[in-house]
Amino acid sequence: MAVVVDAFYVRAGWLCPRADYSLFQVICYLAMFQLQELGFQLFCDIVKAQPVDKMHKFLGFFFNPLNLCSWIKDEWSLIYETAHVKENWIDPLMSGHKWLLPTLPSRWQPEVQELIHQLEEVMANQLPLSKTKARVTEPKEFNLTVPRPRAIPVPEPVPVVAKSKPVPRSTYQPPKEQQLLEMAKRFNRWKAEELLLQANIEEMRCAVPRSQGKPPMQASKKKLQLQLMPQIMKTSKLTFYKPSEVPVKLNTAAILREGSLYQQQVEKELQRVDQLVDGAGDFSEFLEWQKKMQAKDREEELTVGECRRLLGKLSREEAILARQHVMQENKQKANQKKEETAELLQQCAERRLQEEKSMKELVEQVTEAQKNIKLVQMKLLKDRRQTVQEVMEESRELLQRSAETAKEEQKRRCELISQLRALETQPMRKGKLVDLTQIPGYGLEGEMSVVELRERLALLKESQRREEEEKRDQIIQGKRARSQELQNRMEQISLCRAAMGRSAALRWEEKKARSAAPGVSSQDERVLELQRKVEEKVAERRRKQATLKSVPVPAPAPASRPARTKAWAHQEQQHWRDLQQSRERRLRTLQLSTSAAGHGRRQEAA
């Protein structure tokens, strides 16, 4: 039957669906084995009850004499004997064709051919199926519950805060202990400096370094010290001294760089001297004019800085006035918002009452529905418990089986381990002895024994060690030569530094003498104009503050505006205090640098 049906799908029924495979197999079985018992009439009823086109194709293919006598007979003969196939299946199915088998009696072939003819007439008389349009799926909306509107939360009542005490003035003032400590520090510093100055003046002779063979220099140094003493005593009580020079370790690149710099300066100075000898001009007048112009530029920079500071102060005052105006507008808006929120709260309360009524009705409906649900839930729980017990019994049986299999596997592994250990206990052969003095004898060029190889490696290491020692000696000699060169260069640099220090001291004295000369102090008109504008803005701001204090403040925030005005006043005081401190620091650094430079020049001159 499988041979016939598979061949039908390949040759004639390629358009038939594969789901009808079992149908064709049943019809083939009835025609081959059960046609005698059923009777042809019942067979016809079964065939006509199936789709007409499929049965017409299959019966025409199966009862075709060419197919029966050719390949079907050959395929069946591979499964059963040829004589059995011919007597039981081929002869009964082919008995109606006298031109093929004239000696056999007629049996089922004419009736089958008549049935095929009837099926063909039915197919011809069948009306063609009208093509109807497929029904389009119409989407429907989900029957969802309408969400209830979210309730607007009732704002919590604003707690009335008790009026707090004003901040004490001591919070914004530095403590007296800190001022006392600063005074004690200054007094101790002044006392220590006076003691140091007195010790330097009354220095013993044994502490002064002497230069052999040059007594006149010592006398001149003492005279200079006596001349400088009144100048030092006339300085302010808080004096400053030049710190001790700490030696700085320079690397090779820094030494060579500084040496080349001084060398270039010396060459430029020699060129300038040669040009003067040849009759070149002097630039002293040009330098004086340049210094005057630089002084004017510095004065202009100071005036510009003062104008910038006053402009910043003016913009700050304008910002404070704008902030006060914005605060007044915000208060008006806040009052409007409060009225709107009161109306909204009343509407929310009415809505909430309506929602509570609807919720009560829904709760009653839900409680009635839940009573019926509990009975169904009890039945489901019983069924589930029964299924859980059955599953637990099955799992127990599976666990017992898995434990038995694990025991068997463990026994097999123990037997294998015992066999392996028995094999390991058997004695093994030892390795082959090796003679290190013997040549292997493979016939290679330069073949040698291990002992000879070790001797040659030792000789090679000795030669490498000698070469390394020679290179190390060369490197040490080169380093010594470079260090000697650097030492010479450092001596030259120290001489150049000393000369440059003396020239710088002379220039500083000249600059100080020029700055000590009385100058005409004139204030710029732009600065005066800006100062006048700032004073006007400050007066306007104070007038507004006075008017704001006189206006009654609303109840919700009784102490907000005075606190803010106090904070602004404190910020302004802090701003001016910071400016004064920055100016004091700047003057202190200038005083320190000038006094230190003057003290250093006096010591060099001494």
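Keep in mind it's a predicted model, so treat the numbers as computed, not measured.

Of the regular secondary structure elements, the protein chain holds 15 helices and zero strands. When the 606 residues of the protein chain are sorted by exposure, 15% land in the buried category.

Here we take up the packing of aromatic side chains. In total, this model carries 16 aromatic pairs according to the counting rule given. Residues Phe8 and Tyr9 carry aromatic rings whose centres are separated by 6.0 Å and whose planes lie at 65° to one another, so their mutual orientation is edge-to-face. Taking the relative accessible area as the measure of exposure, Phe8 reaches 0% and is therefore buried. The exposure class of Tyr9 is buried, given its relative accessible area of 8%. For the pair Phe62 and Phe63, a centre-to-centre distance of 5.2 Å together with 70° between the ring planes defines the contact as edge-to-face. Exposure remark for Phe63: the relative accessible area of 1% places this residue in the buried category. Three or more aromatic residues link up through ring pairs in this structure, and these residues are Phe8, Tyr9, Tyr21, Phe24, Phe58, Phe61, Phe62, Phe63 and Trp71. The side chain of Arg11 reaches across the aromatic face of Trp71, ending 4.5 Å from its centre. Taking the ring centre of Tyr9 as reference, the NZ or CZ of Arg18 above it sits at 4.6 Å.

Moving on, we come to the confidence of the model for the protein chain. Summing up the model confidence of the protein chain, the mean pLDDT is 76 and the portion of residues at 70 or higher is 78%. For the stretch residues 96-106, pLDDT sits under 50, and the model shows 16 contacts to residues farther than four places along the chain or on other chains. Predicted confidence for residues 552-564 stays below pLDDT 50, and this span has seven contacts to residues more than four positions away or in other chains.

With that settled, consider helix H4 (residues 40-48). Buried within H4 we find Phe40, Phe43, Cys44 and Val47. Seen from one end, H4 has its buried residues packed into an arc of 100°, which puts them on one side. Close packing links the buried residues of H4 with helix H2 (21-33), helix H3 (35-38), helix H5 (52-62) and helix H8 (109-125).

Turning next to a positive patch on the surface. On the surface, Lys291, Arg298, Lys511 and Arg514 cluster together into a positively charged patch. Breaking the positive patch down by element, the ones donating at least two residues are helix H12 (284-424) and helix H13 (450-516). Tracing the chain through its elements places Lys291 in helix H12. Under the relative-accessibility criterion, Lys291 is labelled partly exposed at 42%.

With that settled, the discussion passes to a nonpolar patch on the surface. A cluster of nonpolar residues, Phe286, Leu287, Trp289 and Met293, forms a patch on the protein surface that exposes about 410 Å² of accessible area. Mapped onto the fold, Leu287 is located in helix H12.

On to the pattern of salt bridges. Oppositely charged side chains may form a pair once their charged atoms are brought near each other. Applying the stated criterion across every chain, the model contains 13 salt bridges. A salt bridge links Glu258 to Arg497; the nearest nitrogen and oxygen atoms lie 2.8 Å apart. Of this pair, Glu258 sits in helix H11 (residues 252-278) while Arg497 is found in helix H13, placing the two residues 239 residues apart along the sequence. Judged by relative accessible area, Glu258 falls into the buried class, the value being 17%.

What tends to happen in soluble globular proteins is that the nonpolar side chains get buried as a cluster. Core analysis: the biggest nonpolar cluster contains 38 residues, and Phe24, Phe43, Leu59, Phe62 and Trp76 have the highest contact counts within it. Of all elements in the fold, only helix H1 (2-11), H2, H4, H5, helix H6 (65-79), helix H7 (82-94) and H8 reach the threshold of two or more residues within this core. Per element, the largest residue contribution to this core is seven residues, and it comes from H2.

Let us now look at a negative patch on the surface. Where like charges cluster on the molecular surface, the negative patch consists of Glu390, Glu393, Glu394 and Glu397. Following the sequence through the fold, Glu394 ends up in helix H12.

It is the contact of H4 with H8, at a shortest axis distance of 12 Å, that shows an interaxial angle of 25°. Compared by their axis directions, H4 and H8 come out roughly parallel. For the pair H4 and H8, the sense of crossing is right-handed. Together, Phe40, Phe43, Cys44, Val47 and Lys48 of H4 and Glu111, Val112, Leu115, Gln118 and Leu119 of H8 make up the contact between the two elements. Residues belonging to the contact of H4 with H8 are distributed by class as follows: seven nonpolar, one polar and two charged.

On to the environment of Leu579, then. Examined against the element boundaries, Leu579 turns out to sit in helix H15 (residues 560-605). Measuring from C-alpha to C-alpha, the distance between Leu579 and Arg309 comes to 10.0 Å, with 270 residues separating the pair along the chain.

For the rest of this paragraph, the subject is the packing of H6 against H7. Interhelical geometry of H6 versus H7 gives an angle of 155° and a closest axis separation of 10 Å. As judged from the angle between their axes, H6 and H7 are roughly antiparallel. Judged by the sense of rotation from one axis to the other, the crossing of H6 with H7 is right-handed. Mapping the contact onto sequence places Pro65, Leu68, Cys69, Lys73, Trp76 and Ser77 in H6 and Thr82, Val85, Lys86, Trp89, Ile90, Leu93 and Met94 in H7. Among the residues forming the contact of H6 with H7, the class breakdown is nine nonpolar, two polar and two charged.

How each quantity is defined
Residues numbered from 1 in each chain as written. Predicted model: local features only at pLDDT ≥ 70, side-chain atom pairs only at ≥ 80, totals over all residues. Heavy atoms only, no water. Helix = DSSP H or I, 4+ residues; strand = E, 2+ residues; numbered from the N terminus. Buried < 20%, exposed > 50% of the residue type's maximum accessible area, 1.4 Å probe, protein only. Phe/Tyr/Trp six-rings, centres within 6.5 Å; stacked < 30°, edge-to-face > 60°. Lys NZ or Arg CZ within 6 Å of the ring centre and 35° of its normal. pLDDT = per-residue confidence, 0-100. Contact = heavy atoms within 4.5 Å. Arc of directions from axis to C-beta. Patch = residues over 30% accessible without salt bridge, like charges linked within 9 Å, V, L, I, M, F, W, Y side chains within 5 Å. Areas by Shrake-Rupley, 256 points an atom, 1.4 Å probe, with all protein chains shown as cover. Salt bridge = Lys/Arg side-chain N within 4 Å of Asp/Glu carboxyl O. Lys, Arg positive; Asp, Glu negative; His and termini not counted. Charge placed at Lys NZ, Arg CZ, Asp CG, Glu CD. Core = buried A, V, L, I, M, F, W, Y, C linked by side-chain atoms within 4.5 Å. Axes fitted to C-alpha atoms, helices over the stretch in contact; angles between N-to-C directions. Parallel < 35°, antiparallel > 145°, perpendicular 65-115°, else oblique. Left-handed = near helix turned anticlockwise from the far one by under 90°. Nonpolar A, V, L, I, M, F, W, Y, C, P; charged D, E, K, R; others polar.

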